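Given next are the chains, with one letter for each unit.
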Amino acid sequence: MSSVPVLRRWVTSAGLAALTAPVTTTLARAARAESLQPNTPEPGERTRALDAARRLTVQVFLNGRGPYAFLIDTGANASVVSIELAAGLDLPPGSPVKLHGIAGVQPADTVLADSIRVGKRERRRLSVSVLPERFIRADGILGMDWLGEQGLTLDFAGKQMRVGANPPRDDAYSVTVPTMDERSGLSLIEAQAGGVRTLVFLDTGSTTTVGNQALMDEAIRRQGVSGAWTDMQLVSLTGQTLMGRLAALKYVRLGTITLRNLPVVFGPVHTFNYWGLADRPALLLGVDVLNAFEEVSLDYRRGSVHFRLSSSSAGRSTAAS
């Protein structure tokens, strides 16, 4: 069993990219029929940019103009463009929508994008929500309505994000964990978190790992969390705020990988309600944890997630500090 020395520091503030809208599945499901070459990314499908929160971005052409730095958010089914960029490109307005953030539902305006392209992969005629740049901290966000079933590779060692999943590797540093459920395009894996059987989804847009109230209650009962608790505020992409409680799960086991002393913010986060996960222990795994790996590949076609450890972390265990 591999043990990863997770986190180099405790988080003290959070910008949580929990953002969903009423699901429109036509484009996302149509992507399943595409023939993709995940090992031969097109120019522009990768970037070496990390933002201050270590979230990876890709270079996007919007209506043929750009490139612009967009996040890809696997925890959101709604794509977003900043208000400032939408105004600069004079994108036509669309119908208002309701966005589901960490603290509840909030109305938002939309604009119509004729095309959104990354490399040679393009989606046409998308309605995208608009939010202030100061909240999303990027030019925009690509959600599952754009990504669909294409898969995604997060190469933290190379500071690259690539559309398309890498195939699983058969070596001592690679672990594949099967997905066991899917809800409205959200792929879930099963883990043991502080001794609690837990559903986990990977959120590439979130800076913070978050657990729901059901996980918190059960982990406390099983003495799976540390005794030190800190109150902290979560801030969503919509500007909503929610108070949570920060503590450390003693361990989270993903397949044969064990993450020890994992900082998690617990609270009544609306996102879990939206995905139907309020009553079961659940964990949203953010980039604060994902970037402890050398590479993470979300392979929707094979129904699995491939984690790759660095040679320096495999087989070691240290406490977070």
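Residues numbered from 1 in each chain as written. Predicted model: local features only at pLDDT ≥ 70, side-chain atom pairs only at ≥ 80, totals over all residues. Heavy atoms only, no water.

**Brief notes about the packing of aromatic side chains**
At step 1: Across all of its chains, the model carries four aromatic pairs by this definition.
At step 2: On the numbers, 6.2 Å between centres and 65 degrees between planes, the contact of Phe 201 with Phe 272 is edge-to-face. Placement of the pair is Phe 201 in strand 15 (residues 196–202) and Phe 272 in helix 6 (residues 270–274), with a sequence separation of 71 residues. As far as burial versus exposure is concerned, Phe 201 and Phe 272 are alike and both buried.
At step 3: On the basis of an interplanar angle of 85 degrees and a centroid distance of 5.1 Å, the ring pair of Tyr 274 and Trp 275 is categorised as edge-to-face.
At step 4: With a relative accessible area of 5%, Trp 275 lands in the buried category.
At step 5: Its end group placed over the ring of Phe 61, Arg 117 keeps NZ or CZ at 4.5 Å from the ring centre. (Phe/Tyr/Trp six-rings, centres within 6.5 Å; stacked < 30°, edge-to-face > 60°. Helix = DSSP H or I, 4+ residues; strand = E, 2+ residues; numbered from the N terminus. Buried < 20%, exposed > 50% of the residue type's maximum accessible area, 1.4 Å probe, protein only. Lys NZ or Arg CZ within 6 Å of the ring centre and 35° of its normal.)

**Comments concerning the pattern of salt bridges**
At step 1: Using the criterion set out here, one finds 10 salt bridges in the structure.
At step 2: One salt bridge connects Asp 231 with Arg 245, and the closest N-O pair in it is separated by 3.7 Å. You can see Asp 231 sitting in strand 17 (residues 230–236) and its partner Arg 245 sitting in strand 18 (residues 241–254), a full 14 residues away along the chain.
At step 3: Judged by its relative accessible area of 57%, Asp 231 is exposed.
At step 4: Here the salt bridges share partners, and the residues they tie into one network are Asp 114, Glu 122 and Arg 124. (Salt bridge = Lys/Arg side-chain N within 4 Å of Asp/Glu carboxyl O.)

**Quick look at unusual backbone geometry**
At step 1: In this structure, Pro 67 follows Gly 66 across a cis peptide bond, with omega equal to 10 degrees.
At step 2: Tracing the sequence through the fold places Pro 67 in strand 4 (residues 65–72).
At step 3: Despite not being glycine, Arg 137 has its phi angle at roughly 55 degrees, a positive value.
At step 4: Looking at the element boundaries, Arg 137 is found in the loop between helix 3 (133–136) and strand 10 (140–142).
At step 5: Here Arg 137 falls in the partly exposed class, since its relative accessible area comes to 41%.
At step 6: With a phi angle near 55 degrees, Gln 223 is a residue other than glycine that sits in the positive phi range.
At step 7: Take Gln 223: it is sitting in the loop between helix 5 (213–221) and strand 17.
At step 8: Residue class for Gln 223 comes out exposed when judged on its relative accessible area of 62%.

**Some remarks on empty space enclosed by the protein**
At step 1: As enumerated under the stated definition, the model contains four cavities of 30 Å³ or more in all.
At step 2: Its boundaries defined by the atoms lining it, the largest cavity holds a volume of some 140 Å³.
At step 3: In terms of lining residues, the largest cavity is bounded by 16 residues, among which Ser 187, Leu 202, Leu 298, Tyr 300 and Val 305 are the most central.
At step 4: Of all elements in the fold, only strand 14 (186–193), strand 15, strand 21 (295–299) and strand 22 (304–308) reach the threshold of two or more residues within the lining of the largest cavity. (1 Å grid on protein atoms, 1.4 Å probe; cavity = no way out; pocket = protein on both sides within 12 Å on 5 of 7 lines; lining within 4 Å. Points joined across faces, edges and corners; volume = space filled by probe spheres on them.)

**Section: the nonpolar core**
At step 1: One finds Leu 202, Leu 249 and Phe 307 to be the most contacted residues of the largest nonpolar core, which totals 60 residues.
At step 2: A total of five residues in this core trace back to one element, the largest contributor, which is strand 19 (residues 257–266).
At step 3: Discounting residues that sit within four places of it in the chain, Leu 249 has contacts with Ala 193, Gly 194, Leu 215, Ala 219, Gly 224, Val 225, Arg 260, Asn 261, Leu 262, Val 264, Phe 266 and Leu 283.
At step 4: Within the second largest apolar cluster, 17 residues are counted, among which are Val 210, Leu 234, Val 265 and Ala 282. (Core = buried A, V, L, I, M, F, W, Y, C linked by side-chain atoms within 4.5 Å. Contact = heavy atoms within 4.5 Å.)

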